[in-house]
Amino acid sequence: MNKAANENTDPADSSAAEHAQRVAALVTAEAVGEEWKKSHHMTLTFFLTGARSSHEEDHHAWQLDEWRKRIVDCLEVDANTELAALQDQLQGWILGELRYRDTALDSLLRAYP
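Residues numbered from 1 in each chain as written. Predicted model: local features only at pLDDT ≥ 70, side-chain atom pairs only at ≥ 80, totals over all residues. Heavy atoms only, no water.

Visitor: Can you walk me through the overall build of the chain in this structure?
Guide: Secondary structure assignment for the chain yields six helices and zero strands. The order of α-helices and β-strands along the chain, N terminus first, is α-α-α-α-α-α. Out of the 113 residues belonging to the chain, those deemed buried represent 39%. Long-range pairs, those at least 24 residues apart, make up 65% of the contacts in the chain with a sequence separation of at least 6. Per element, the accessible surface of the chain, about 6600 Å² overall, is 51% carbon and sulfur. (Helix = DSSP H or I, 4+ residues; strand = E, 2+ residues; numbered from the N terminus. Buried < 20%, exposed > 50% of the residue type's maximum accessible area, 1.4 Å probe, protein only. Contact = heavy atoms within 4.5 Å. Areas by Shrake-Rupley, 256 points an atom, 1.4 Å probe, with all protein chains shown as cover.)

And the structure:
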């Protein structure tokens with residue numbers, strides 16, 4: 001788990017951090033398959049944006065596209081260390097949103113039960 005992303009997470013939020021870790025692992029594992037196109041990209045874009053603005057939505061959509069390209073590249077060359085770092089990066093984005101927005105955990109749990 002990404003220690004930097006989890007540093008500011010209160011122990012009471014450990015279940016939220018664990019859920020963020022599970023979501024990041026799931027999405028990383030499915031980044032190459034059809035689930036990415038069907039579900040994860042849009043779901044994570046909306047989650048990370050938190051209904052703030054269309055500009056922010058576009059930014060997160062682009063950010064996730066770039067993240068996924070790096071995942072695909074890592075899988076092609078069997079770069080496990082980089083793959084783990086990318087999973088940690090996604091987890092950090094999720095945890096950041098959980099800290100930023102009070103309703104984020106409910107949103108995450110609805111999207112990824």
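What follows continues from the structure just given.
Visitor: Mind showing me how you'd approach the side chain of Arg101 here?
Guide: Relative to the helices and strands, Arg101 resides in the loop between α5 (80–100) and α6 (104–111). At a separation of 2.6 Å, a polar atom in the side chain of Arg101 contacts the side chain of Glu97. Not counting chain neighbours up to four residues away, the residues in contact with Arg101 comprise Phe47, Gly50, Arg52 and Ser107. (Polar contact = N/O pair within 3.5 Å; in protein donor to acceptor, adjacent residues only side chain to side chain.)

Visitor: Would you explain the nonpolar core in this entry?
Guide: Within soluble globular proteins, side chains that are nonpolar generally end up buried alongside one another. Counting residues in each nonpolar core, the largest one holds 25 residues, and the members touching the most others are Val27, Trp67, Leu90, Ile94 and Leu98. Going through the elements one at a time, α2 (14–29), α3 (34–49), α4 (54–77), α5 and α6 are the ones with two or more residues in this core. For this core, the element with the most residues is α5, which contributes seven residues. Excluding anything up to four places from it in sequence, Val27 contacts Trp36, His40, Leu44, Trp67, Leu90 and Tyr112. (Core = buried A, V, L, I, M, F, W, Y, C linked by side-chain atoms within 4.5 Å.)

Visitor: I would appreciate a short explanation of the pattern of salt bridges in the present structure.
Guide: Between side chains of opposite charge, a pair can form when the charged atoms approach closely. A complete count under the given rule lists seven salt bridges for this structure. For the salt bridge of Glu34 with Lys37, the shortest nitrogen-to-oxygen distance reads 3.9 Å. Taken together, the residues Glu34 and Lys37, both in helix α3 and three residues apart, mark about one turn of the helix. For the residue pair Glu34 and Lys37, the accessibility class agrees, reading exposed in each case. Linking Arg101 and Glu97 is a salt bridge whose minimum nitrogen-to-oxygen distance equals 2.6 Å. You'll find Arg101 and Glu97 in the same group, each marked buried. When salt bridges with common partners are traced through the structure, they connect Arg52, Glu56, Glu97 and Arg101 into a single cluster. (Salt bridge = Lys/Arg side-chain N within 4 Å of Asp/Glu carboxyl O.)

Visitor: Can you help me understand α6 in this one?
Guide: The periodicity of an α-helix, 3.6 residues per turn, causes residues three or four positions apart to be oriented the same way. Ala104, Ser107 and Leu108 are the residues of α6 that are buried. Seen from one end, α6 has its buried residues packed into an arc of 95°, which puts them on one side. (Arc of directions from axis to C-beta.)

Visitor: Would you mind showing me how to read the packing of α2 against α6 here?
Guide: In a pair of packed helices, the angle between the axes and the distance between the axes together describe the arrangement. Taken N-terminus to C-terminus, the directions of α2 and α6 make an angle of 40°; their axes are 11 Å apart at the nearest point. In terms of orientation, α2 and α6 fall into the oblique class. Remark: the crossing between α2 and α6 carries left-handed chirality. Where α2 approaches α6, its residues Ala16, His19, Ala20 and Val23 are matched on the opposing element by Leu105, Leu108 and Leu109. (Axes fitted to C-alpha atoms, helices over the stretch in contact; angles between N-to-C directions. Parallel < 35°, antiparallel > 145°, perpendicular 65-115°, else oblique. Left-handed = near helix turned anticlockwise from the far one by under 90°.)

Functional significance is not addressed by these values, which are geometric in nature.
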